[in-house]
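What the coordinates show
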Amino acid sequence: MNNKLELTPAQMRELGYRVVDMIADYFSALPDKPVGRKGDPAVLRPSLMEPPPETPVPESEIFARLEYDIFSNILNVCHPRFFAFVPIPSNYVGAMADALASGFNVFNGSWLGGSGAAAMELAVIDWFRQWCGFPESAGGLFVSGGSMANLTALVAARHTKLADHTEGAVVYYSDQTHSSVERALRVIGFRPEQMRKLESDGEFRLPMDALESAVEADRAQGLRPFAVIANAGAINTGAIDPLREIAAFCRAQDLWMHIDGAYGAAAVISERGRRLLGGIELADSLSFDPHKWLFQPIECGCVLLRDAALLKATYRIMPEYLADVHRNATEVNPCDYGIQLTRGFRALKVWMSMHYFGLEAFRGAVERGFELAELAERKLRSMPEWEIVSPAQMAVVCFARRGADDAFYERIHQAMLAGGFALATSTVLNGRTVLRLCTINPRTTDAEIEQTLEWLNALAASNSGCEITG
Ligand SMILES: Cc1ncc(COP(=O)(O)O)c(C=O)c1O
């Protein structure tokens, strides 16, 4: 019985090489694999619903189970023809950084627990601060993803602007805003009647006139307008709200401005992204996910505040058992800036992959996303069966099959999953179901865009009316 849960160095190496081989094979074979598979719950769940084994299971059996039950039943979000939702085209260096962070089991909650990690996190956060044009007072921390970034920021907003009293407070955002914002608001005590989801304009942006009228009407009712949430890359279409106008309005009205740039903000590293995202530097808080358009493995989100001290004022609590942690004021404790105490070393993957490839390569990778969506738009415009509903914007293009009803999109989704060559997902714009490609994977080739759209067209032709098979 190995009750020390220990391996010899040789065993550790053997296991490690096997894992690395699997990952390397995965990355290199991806273009030849299907985009993924959704397991049947009636089969998959019972196959795993078993008690833990009392004694060791042979390694070969463990890996066979993983390959058969788990890794063959996932969507390959790094796949070059995975265009659904927001793809997560991570990179191998980032994955190895995660292995190191886990292997050293770095505690990244306090300076005492992981000073090297805390210093690196501060340095990487400072890259983000500079890329986004925030002042030196700005700062933030790594979180699990965009949902936690939105929550972490909105708690700070509530604390700063409302002293945590939410009665009568109202929040404004467009109908294109990601659902994680509404969930964050629920978590922090906002009820539906305190959320103004304003209808977006013809370009899926938050209309200033509607925002101004809503705030005025609420003030007239004795309510307390509190925050505006703007999109910098709305999930459906890539739309960017009028950031400068919103910022000016928020300043004039004493409202907190949060920008959800979970998928879009990373584009600031490219020339084009910086131009499109002008005004991002005016936010009070910003969500920014390196696990989307900065090509990092899940989980890697980030929240930035224009004034990092507000995060600390919101989150810092000093229990007796952490006194040793807090003695030196120059030592920054990440736990003072957010919800987690014990937290992983997420900055490492960004730092290591940035050092491995160089920022120039990342800039090129972001630029490639813009180009691929434009290529897809051009190709679609040449295909008479399809029409563009929202043109290429921040690496997203939305399009519809002429004459198709909603049921068509359900059939085409099933057909794409069954075929496995590529995957796009649908969304609803102005009450109409459309397909959407998000092209942020820099490893997608021009030929793959063409082939995907031709394949989709052929699938659509055979699924335009009747039931599909397969
Ligand atoms: C604009 C936007 N905000 C928030 C989120 C939620 O991020 P996460 O899934 O990392 O929690 C997403 C996810 O796609 C997003 O696109």
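Residues numbered from 1 in each chain as written. Predicted model: local features only at pLDDT ≥ 70, side-chain atom pairs only at ≥ 80, totals over all residues. Heavy atoms only, no water.

Structural notes on the overall build of the protein chain
Basically, it comes down to this: Where helices and strands are cited, they refer to DSSP runs of H or I of at least four residues and of E of at least two residues respectively, numbered from the N terminus. Only protein chains enter the accessibility calculation, which uses a 1.4 Å probe. A residue is then buried if its area is under 20% of the maximum for its type, exposed if over 50%, and partly exposed in between. Per-residue and other accessible areas were derived by the Shrake-Rupley procedure at a 1.4 Å probe size, with only the shown protein chains allowed to occlude residues. When charges are counted, neither His nor the chain ends are considered; positive counts come from Lys and Arg and negative counts from Asp and Glu. In plain terms, the charge of a residue is placed at NZ if it is Lys, CZ if Arg, CG if Asp and CD if Glu.
Check the secondary structure of the protein chain and you find 15 helices and 11 strands. For the C-alpha atoms alone, the extent of the protein chain along its principal axes is close to 65 × 60 × 45 Å. Expressed as a percentage of the 470 residues in the protein chain, the buried residues total 50%. Working note: accessible area of the protein chain is about 21900 Å², and carbon and sulfur atoms make up 55% of it. Across the protein chain, 44 positive and 57 negative side-chain charges occur, with their mean positions spaced 1 Å apart.

Details of the environment of Val35
Let me state the cut-off plainly: In what follows, a contact means two residues having at least one pair of non-hydrogen atoms within 4.5 Å.
Checked against the element boundaries, Val35 lands in the loop between helix 1 (9–29) and helix 2 (41–48). In this structure the C-alpha to C-alpha distance between Val35 and Val20, which are 15 residues apart in sequence, comes to 21 Å. Leave out the neighbours within four places in its chain, and Val35 touches Leu75, Asn76, His79, Arg81, Phe82, Gly420, Phe421, Ala422 and Leu423.

Some words on the packing of aromatic side chains
Where we set the bar: In this analysis, rings of Phe, Tyr and Trp, with Trp reduced to its six-membered ring, are considered paired at centre separations within 6.5 Å, and the interplanar angle assigns stacked below 30 degrees, edge-to-face beyond 60, and tilted for intermediate values.
Applying the stated rule across the entire model yields 16 aromatic pairs. On the basis of an interplanar angle of 20 degrees and a centroid distance of 4.6 Å, the ring pair of Phe128 and Phe288 is categorised as stacked. Taken as a pair, Phe128 in helix 5 (residues 111–132) and Phe288 in strand 6 (residues 285–288) lie far apart in primary sequence, 160 residues in all. A relative accessible area of 0% places Phe128 in the buried class. Ring centres 6.2 Å apart and planes at 70 degrees place the aromatic pair Phe357 and Phe362 in the edge-to-face group.

Considerations on the site of the ligand
Let me state the cut-off plainly: We define proximity as follows: a residue is near a molecule or strand when any one of its heavy atoms falls within 4 Å of that partner. Polar contact is defined as a pair of N or O atoms within 3.5 Å, subject to the rule that within protein one atom must be able to donate a hydrogen and the other to accept it, and that residues adjacent in sequence are counted only when both atoms are side-chain atoms. Here a cavity is any set of points on a 1 Å grid over the protein atoms alone where a 1.4 Å probe fits but cannot get out, and a pocket is any open set with protein on both sides within 12 Å along at least 5 of 7 lines; a residue lines the site when it has an atom within 4 Å of a point. Each molecule is checked against the cavity or pocket grid, and it sits inside if more than half of its atoms lie within 2 Å of the grid points. Side-chain classes are defined by residue name, with Ala, Val, Leu, Ile, Met, Phe, Trp, Tyr, Cys and Pro counting as nonpolar, Asp, Glu, Lys and Arg as charged, and the others, Gly among them, as polar.
Not every one of the 14 residues close to the ligand is listed here, only the nearest: Gly146, Ser147, Asp260, His291 and Lys292. In this structure, Asp260 approaches the ligand through a side-chain N or O atom, which is 2.7 Å from a nitrogen atom. Within the side chain of His291, a nitrogen or oxygen atom sits 2.9 Å from an oxygen atom of the ligand. Protein burial of the ligand: of its 400 Å² of free accessible surface, 84% is covered by the chains. According to the grid-proximity analysis, the pocket containing the ligand is the second largest pocket. Ranked by the residues each element gives to the shell around the ligand, the list is headed by helix 6 (residues 146–162), at three residues. Each residue belonging to the shell around the ligand can be placed in one class, and the counts come to three nonpolar, eight polar and three charged.

So, the nonpolar core
We count it as follows: Side-chain atoms within 4.5 Å link the members of a nonpolar core, which is a set of buried Ala, Val, Leu, Ile, Met, Phe, Trp, Tyr and Cys residues.
Of all hydrophobic cores here, the largest spans 101 residues; its most connected members are Phe128, Ile280, Trp293 and Leu294. Tallying contributions element by element places helix 13 (residues 359–381) first for this core, with eight residues. If sequence neighbours within four positions are ignored, Ile280 has contacts with Cys132, Phe134, Ala232, Leu243, Ile259, Ala265, Val268 and Leu286. Ranked by size, the runner-up nonpolar core spans 28 residues in total, among them Ala157, Ala184, Ile188 and Ile229.

Considering the side chain of Ser353
For Ser353, the position within the fold is in helix 12 (residues 347–357). In this structure Ser353 comes out as buried when scored by relative accessible area, which is 0%. From its side chain, Ser353 meets the backbone oxygen of Val350 in a polar contact 3.4 Å long. Other than its neighbours up to four places away in sequence, Ser353 contacts Asn91, Val93, Gly94, Gln296, Gly358 and Phe362.

Remarks on empty space enclosed by the protein
Short version of the rule: Grid points are joined across faces, edges and corners, and a volume is the space filled by probe spheres set on the points.
Enumeration according to the criterion identifies one cavity of 30 Å³ or more in this entry. Of the volumes computed, that of the largest cavity is approximately 40 Å³. Forming the boundary of the largest cavity are Leu141, Phe142, Val143, Met148, Thr152, Gly338, Ile339, Gln340 and Arg343. Those elements that provide at least two residues to the lining of the largest cavity are strand 1 (139–143) and helix 6. By residue number, the principal contributor to the lining of the largest cavity is strand 1, which donates three residues. Classifying every residue of the lining of the largest cavity by side-chain character gives five nonpolar, three polar and one charged.

Describing the pairing of strand 5 (residues 256–261)
As a reminder of what qualifies: If you view a crossover with the strands going away from you and the path from the first strand over the helix to the second runs clockwise, you call it right-handed. A pair of strands is treated as paired once DSSP finds two or more bridges between them.
The buried fraction of strand 5 is high, at six of six residues. Across the two faces of strand 5 the burial is the same, with Trp256, His258 and Asp260 and Met257, Ile259 and Gly261 all buried. After leaving strand 4 (residues 224–231), the chain enters helix 9 (residues 243–253) and then returns to the sheet as strand 5, a path that is right-handed. In terms of strand pairing, strand 5 meets strand 6 through four bridges, oriented parallel. Following the sheet pairing, Ile259 is matched in strand 6 by Leu286. Taking the sense of rotation as the criterion, the β-α-β connection linking strand 5, helix 10 (residues 271–276) and strand 6 turns out right-handed.

Some details on the layout of surface pockets
In this structure, the largest pocket occupies an estimated 1400 Å³ of space. Among the secondary structure elements, those contributing two or more residues to the lining of the largest pocket are helix 1, helix 3 (59–71) and helix 4 (92–103). Ranked by residues supplied to the lining of the largest pocket, first place goes to helix 1 with nine residues. Among the residues forming the lining of the largest pocket, the class breakdown is 28 nonpolar, nine polar and nine charged. Taken as a whole, the second largest pocket encloses approximately 300 Å³ of empty space.

What about the sheet that holds strand 8 (residues 386–393)?
To be explicit about the condition: Only the contacting stretch of a helix is used when fitting its axis, a line to C-alpha atoms as for every element, and angles between N-to-C directions run 0 to 180 degrees.
Read from one edge to the other, the open sheet built from four strands follows the order 8-9-11-10, with strand pairing classed as antiparallel. With partners counted over all chains shown, the strands left at the sheet margins are strand 8 and strand 10 (425–429), one partner each. Neighbour to neighbour, the strand axes of the sheet diverge by 35 degrees on average, direction disregarded. Two strands pair when backbone bridges link them, and strand 8 and strand 9 (residues 396–401) are joined in this way by five bridges, in the antiparallel orientation. Pairing of Glu387 across the sheet is with Ala400, part of strand 9. Contacts from helix 13 reach strand 8, strand 9 and strand 11 (432–438), with the element oriented near 160 degrees to strand 8. Most of the contacts of helix 14 (residues 406–419) go to strand 11, to which it runs at about 30 degrees, and overall it touches strand 8, strand 9, strand 10 and strand 11.

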